[in-house]
Amino acid sequence: MPSYIFSLSCDIGMFMGELAIRLAPCLHWEMCTHGKNNISYQRPVIMGFKVKNKHFNVDFDYVIVTYAYRLLDGEPEVSMLFTRILESCLEKTK
């Protein structure tokens, strides 16, 4: 993946995290420090969801970068993906 696409994907992930926090003030950035086998271990993630699993988090950066890789591999676009991800995230704050 060209570095500019990786950088842009990371920026979009950070933007989506900030947008989620703005729309649901119970959310916050936190360093994922639980579970060394967790795919987001030692990465900044969004936490503060109202779910049973106290370690539940969303790693927007990882999701967006993975999606970019899939597009570069020729997989089809997913309609309204960013909106659907954000809506799903916000539903877990109620």
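Residues numbered from 1 in each chain as written. Predicted model: local features only at pLDDT ≥ 70, side-chain atom pairs only at ≥ 80, totals over all residues. Heavy atoms only, no water.

Enquirer: What exactly am I supposed to notice about the overall build of the chain here?
Expert: If you tally the helices and strands in the chain, you get 3 helices and 2 strands. Tracing the chain from N to C terminus, the helices and strands come up as α-β-β-α-α. Against the compact-globule benchmark of 12 Å for 94 residues, the chain has a radius of gyration of 14 Å, which places it among compact chains. Principal axes of the C-alpha set define a box for the chain whose edges measure 35 × 30 × 20 Å. (Helix = DSSP H or I, 4+ residues; strand = E, 2+ residues; numbered from the N terminus. Rg over C-alpha atoms; globule rule 2.2 N^0.38 Å.)

Enquirer: Help me out: how do you make sense of the packing of aromatic side chains in this one?
Expert: Within a pair of aromatic rings, the relevant descriptors are the distance that separates the centres and the angle that separates the planes. All chains considered together, the criterion is met by 2 aromatic pairs. A ring pair is formed by Tyr-67 and Phe-82, whose centres lie 6.3 Å apart and whose planes are at 75 degrees; its orientation type is edge-to-face. Here Phe-82 lies in helix α3 (residues 81-91) and Tyr-67 lies in helix α2 (residues 60-72), a separation of 15 residues in the sequence. Note on Tyr-67: relative accessible area 14%, which makes it buried. (Phe/Tyr/Trp six-rings, centres within 6.5 Å; stacked < 30°, edge-to-face > 60°. Buried < 20%, exposed > 50% of the residue type's maximum accessible area, 1.4 Å probe, protein only.)

Enquirer: Which parts of the structure should I look at to understand the pattern of salt bridges?
Expert: Close approach of charged atoms allows side chains of opposite charge to pair. Taken as a whole and assessed by the stated rule, the structure comprises 3 salt bridges. Of the charged contacts in the structure, one is a salt bridge between Arg-43 and Asp-59, with a shortest N-O distance of 2.7 Å. Linking Arg-43 in the loop between β1 (28-31) and β2 (44-47) with Asp-59 in the loop between β2 and α2, this pair joins segments that are 16 residues apart in sequence. The closest approach of N and O atoms between Arg-70 and Glu-75, which form a salt bridge, is 3.1 Å. The exposure class assigned to Glu-75 is partly exposed, which follows from its relative accessible area of 35%. Residues joined in a network through salt bridges with shared partners are Arg-43, Asp-59 and Asp-61. (Salt bridge = Lys/Arg side-chain N within 4 Å of Asp/Glu carboxyl O.)

Enquirer: Sorry, what's going on with helix α1 (residues 3-23) here?
Expert: Compared with an ideal rise of 1.5 Å per residue, which puts 21 residues at 30 Å, α1 spans 30 Å between its outermost C-alpha atoms and is within 8% of the ideal. Summarising the contacts, the buried residues of α1 are in contact with β1, β2, α2 and α3. (Expected span 1.5 Å × (residues − 1). Contact = heavy atoms within 4.5 Å.)

Enquirer: Got a minute to help me understand the environment of Leu-27 in this structure?
Expert: Within the secondary structure layout, Leu-27 lies in the loop between α1 and β1. Each C-alpha atom of the pair Leu-27 and Ser-9 lies 21 Å from the other, and the pair is 18 residues apart in sequence. Those residues within four positions of Leu-27 in sequence are excluded, and the remaining contacts are Ala-20, Ile-21, Ile-46, Met-47, Gly-48, Phe-49, Cys-89 and Thr-93.

Enquirer: How should the side chain of Asp-61 be read in this particular structure?
Expert: Turning to its location among the elements, Asp-61 is positioned in helix α2. If sequence neighbours within four positions are ignored, Asp-61 has contacts with Ser-9, Cys-10, Gly-13 and Arg-43.

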